[in-house]
Amino acid sequence: MKSKIFALIVGAAALAGCAGQSINEVASGQCPPVAPLATADGLSSGGVQARIGSASLVCYVDGQNDDLLAEVSLSGTVTQSGIELPFFVAALDEKGSIINRMQMKVTPSGETFSYKLPKINYGRKGAENLKARLVVGFVLTPQQLAENRATYAKTIGLTR
């Protein structure tokens, strides 16, 4: 009997320690999909090449205001360390319209990189028709984007 009471007290104390936190992790199956944008997953600038290899995320719900948040992790390669790489992450609704977007710059210290980007809001808990998805990529100049699109079109067989 004493062990049950002790276990109950310990459990209550552990829960009380969590009471001040309002951001809770969401089960991964409830997270929206995330992927590098096919025409923004590579960056070529001044002889330096960078490529996003993968993107994953962990989702949260803010218990105070019901905002849905995603923390995106990116990994990839770059041919030269110490180069500033401009990334973006965008949350899209079910029609593909941007509902939130943020940009940041990081400077890899080696030829591979792995970063957790700041949390981005992708909706509200209980919102109707919430079918968000997230895309990530490099912030590109119009010329870089045109080159990436041409390469992508050739890769999938749309041009020769």
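Residues numbered from 1 in each chain as written. Predicted model: local features only at pLDDT ≥ 70, side-chain atom pairs only at ≥ 80, totals over all residues. Heavy atoms only, no water.

**Topic: the packing of aromatic side chains**
Per the counting criterion, the structure on display carries three aromatic pairs. Seen from their ring centres, Phe-87 and Phe-113 are 5.6 Å apart, and the 55° between their planes marks the pair as tilted. Linking Phe-87 in strand 6 (residues 85–92) with Phe-113 in strand 8 (residues 112–116), this pair joins segments that are 26 residues apart in sequence. You'll find Phe-87 and Phe-113 in the same group, each marked buried. On the accessibility criterion, Phe-87 (0% relative accessible area) is buried. (Phe/Tyr/Trp six-rings, centres within 6.5 Å; stacked < 30°, edge-to-face > 60°. Helix = DSSP H or I, 4+ residues; strand = E, 2+ residues; numbered from the N terminus. Buried < 20%, exposed > 50% of the residue type's maximum accessible area, 1.4 Å probe, protein only.)

**Some details on the state of the cysteines**
Under the definition given, this model contains one disulfide. Each sulfur in the disulfide pair Cys-31 and Cys-59 lies 2.2 Å from the other. In this pair, Cys-31 sits in the loop between strand 1 (23–25) and strand 2 (34–36) while Cys-59 sits in strand 4 (residues 48–62), placing the two residues 28 residues apart along the sequence. The buried category is assigned to Cys-31, whose relative accessible area is 16%. Residue Cys-59 is classed as buried on the basis of its relative accessible area of 0%. (Disulfide = S-S within 2.5 Å.)

By themselves, these figures tell us nothing about what the structure is for.
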